[in-house]
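# Fold and geometry: a report
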Amino acid sequence: MQLVRGKYCIISLLIFVIAMLGGCQRQERQVSQDQVKFVIGVSQANLIEPWRIIMNEEIREEAAKHSDVRIVFTDAVQNSEKQVRDVGELLQQGIDLLIISPNDSVALTPVVAQAYKKIPVIVLDRAVEGYDYTLYIGPDNKSIGREAGKYISELLNKTGGNVVEIQGPSGVPSLQERSAGFREVIGKYANISIIDTIVADWQRDKAEDKMTELLDQYPKIDVVFAHSDYMALGAYKAAKKKGLTGIKFVGIDGFSGPNGGLQLVEDGVLQGTFTCLTGGREAIQYALDILNHEKGLPKKIIPRSNKITLANVLEYVKSTNEVKKNNPTSNRRIVLGFSQLGAESDWRRANSQSIKTAAREADIELIFLEGDQRQETQIRDIRSFIAQGVDVIAFSPVIESGWTEVLEEAKAAGIPVVLSDRAIKSNDASLYASFIGSDFVEEGRRAARWLVGQKKDTQQQNIVEIEGTFDSAPALDRKKGFAEIISNYPENRVIYSASGDFTEAGGQEIMKSALALYGNKIDVVYAHNDDMALGAIKAIEEYGLRPGKDILIVSVDATEAAFKAMLAGKLNCTVECTPLLGPQLMQAVKTLMMGRQLPMRIITSEGVFPAETARKDHVNRKY
Ligand code: AHR
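Note that the structure is predicted; figures quoted are calculated from it, not measured. (Residues numbered from 1 in each chain as written. Predicted model: local features only at pLDDT ≥ 70, side-chain atom pairs only at ≥ 80, totals over all residues. Heavy atoms only, no water.)

The subject of this paragraph is the overall build of the protein. Counting secondary structure elements, the protein contains 21 helices and 24 strands. For 623 residues, the compact-globule formula gives about 25 Å, and the C-alpha radius of gyration of the protein, at 26 Å, lands near that figure. Dimensions of the protein, computed from C-alpha atoms along their principal axes, come out at roughly 80 × 65 × 60 Å. Looking at the protein residue by residue over its 623 residues, the buried ones come to 56%. A total of about 26,800 Å² of accessible surface is found on the protein, and carbon and sulfur atoms cover 50% of it. (Helix = DSSP H or I, 4+ residues; strand = E, 2+ residues; numbered from the N terminus. Rg over C-alpha atoms; globule rule 2.2 N^0.38 Å. Buried < 20%, exposed > 50% of the residue type's maximum accessible area, 1.4 Å probe, protein only. Areas by Shrake-Rupley, 256 points an atom, 1.4 Å probe, with all protein chains shown as cover.)

Paired through backbone hydrogen bonds, the strands of a sheet run either parallel or antiparallel to each other. With mixed pairing, 12 strands are arranged side by side in an open sheet as 2-1-3-4-5-11-23-17-16-15-13-14. The open sheet has two edge strands, strand 2 (69-75) and strand 14 (365-370), and neither has a second partner. Direction aside, neighbouring strands of the sheet carry axes that sit 15° apart on average. Bridge count between strand 11 (residues 298-302) and strand 23 (residues 601-604): four bridges; the pairing is antiparallel. Counterpart to I302 in the pairing with strand 23 is R601. (Pairing = 2+ DSSP bridges. Axes fitted to C-alpha atoms, helices over the stretch in contact; angles between N-to-C directions.)

Take unusual backbone geometry next. Here the phi dihedral of D471 falls at roughly 65°; this positive angle occurs in a residue that is not glycine. Mapped onto the fold, D471 is located in the loop between strand 18 (461-467) and helix 16 (473-486).

Here we take up the domain arrangement of the protein. Parsing the protein into structural domains produces domain 1 (2-139 + 279-302), domain 2 (141-275), domain 3 (332-437 + 595-604) and domain 4 (440-577). Facing the seven residues of domain 1 at the interface are nine residues of domain 2. Our enumeration of links across domain 1 and domain 2 arrives at zero salt bridges. Linking domain 1 with domain 2 are two residue pairs in polar contact (both at pLDDT 80 or more). Residue composition of the side of domain 1 that touches domain 2, by class: five nonpolar, no polar and two charged. (Domains from an automatic or database assignment. Contact = heavy atoms within 4.5 Å. Salt bridge = Lys/Arg side-chain N within 4 Å of Asp/Glu carboxyl O. Polar contact = N/O pair within 3.5 Å; in protein donor to acceptor, adjacent residues only side chain to side chain. Nonpolar A, V, L, I, M, F, W, Y, C, P; charged D, E, K, R; others polar.)

This is the structure we're talking about:
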């Protein structure tokens, strides 16, 4: 308590100093010192953007639910140097956790990494480079842009038409992504043209002024797509002043309240909007989980964006306002149907166990069906869940493509679906409620970074890549991430690659073939999982070479068996891919059953384990 009291005094002083400098807003002053348990510093990039004002508002509201939490806000006024100083000052004052929404990703990366060495850090909206933070929450801007593009192409598809795009400040990468996604879709329609672009810096009045000029210039504008509802409103006002009624306005954000996008859609000002959560509320919820040392917390959260039009606005408002009151499952156990793709690896067995244990602990009735690495089996199992009328379906899709039909059946039956571990390829994000799993591309990059870090010279390295199941998300993504890094080091060449189907026998087989062709010319094996690396180890030994010495081996998963191989000197590095997804899945199922929406993607937190530290790292392993 002494510490907390001391901390409160320092923070009070900080609040005072920053308030005097006019750079911060702060929470209530009248607080008993004894109540303060956690002090959270919030470094905001600016308070010019309405979106950020709402982010701070959400943070304040959510924190106010906890009497022992205090928030200290700073405003960098769009200046990265100031934001670096703000973070330094917050750290000096002894905050327990930092929430930062960076002004500039590159400029803020070092100070975020520095903060992360001392306390947990949650990054909002604009990501920093690398992975030196505790949790990132931010939108998928490209996909929001694409969705907006799809909607506007539906509006104009038959007749064709002219579109004006209104952007935020130029040069912000996340906004460039939004625009790129939009243009990628619109570009497919020869009869739709983007005739001009306005840069209105998030300001309604600026959008209004510039739109007024444009209306004089172009006699025919059919749709205005603005990167925020607020700017869309400005453009609408310009058209209204000129008595023009035929233009359709589409925005992004979908906030509630007067002049929020939802109201504007309801009033017919906007034709549609795409929700873009700030993550402020969620940041506080996760901050408390982090500070209370909850286990299994994610590394990245990508919120879902919803298309809101007159057709669904009231329903959407209702669903966000109230947690299902007449929850049909409130008096009985939730039933979850889980289709596991198989039992091909140690990873998979640990994953199945994690799901079963977590369901038991969460008191969820689990119908668990295990496939045989064949899509037909999984589709049959999912159909059986639909027929039984389970509350939620979750599954780990063996391959990426070919799920649309069965997922449409689940949607028609009103059963939400959660993708666990592996993603699917689909243009329709409404077919599933969320994806919970790893960033497989990053795992591939990590394996490659480890490899290039081993090099002392630029001598050629011949690599054998043992791939996972054909068309599966981990195989495609791990290959992609690895290639992305390796391409910068031309001396590293993949001379042979083939699928070992994620099994030990498969890995052994592929390695045998590679050795038959290339023998002792092979320098490195990169296996998409540990089981295949273990198979490769057997093949290398049979061939008379020393795995881990004559041939370096890096693989993915970080299973118990991989650690044993590292301790025996036969495997050089394993990149973590956690199978312990059960608790997060059960949490997601409960959230769905309360009528709440899940993030689009929940990405787990993972590390890299080289053989050199295997003995120490092994102690804390759980699978
Ligand atoms: O989808 C995850 C992958 O599937 C694991 O890395 C692999 O071991 C498993 O078979």
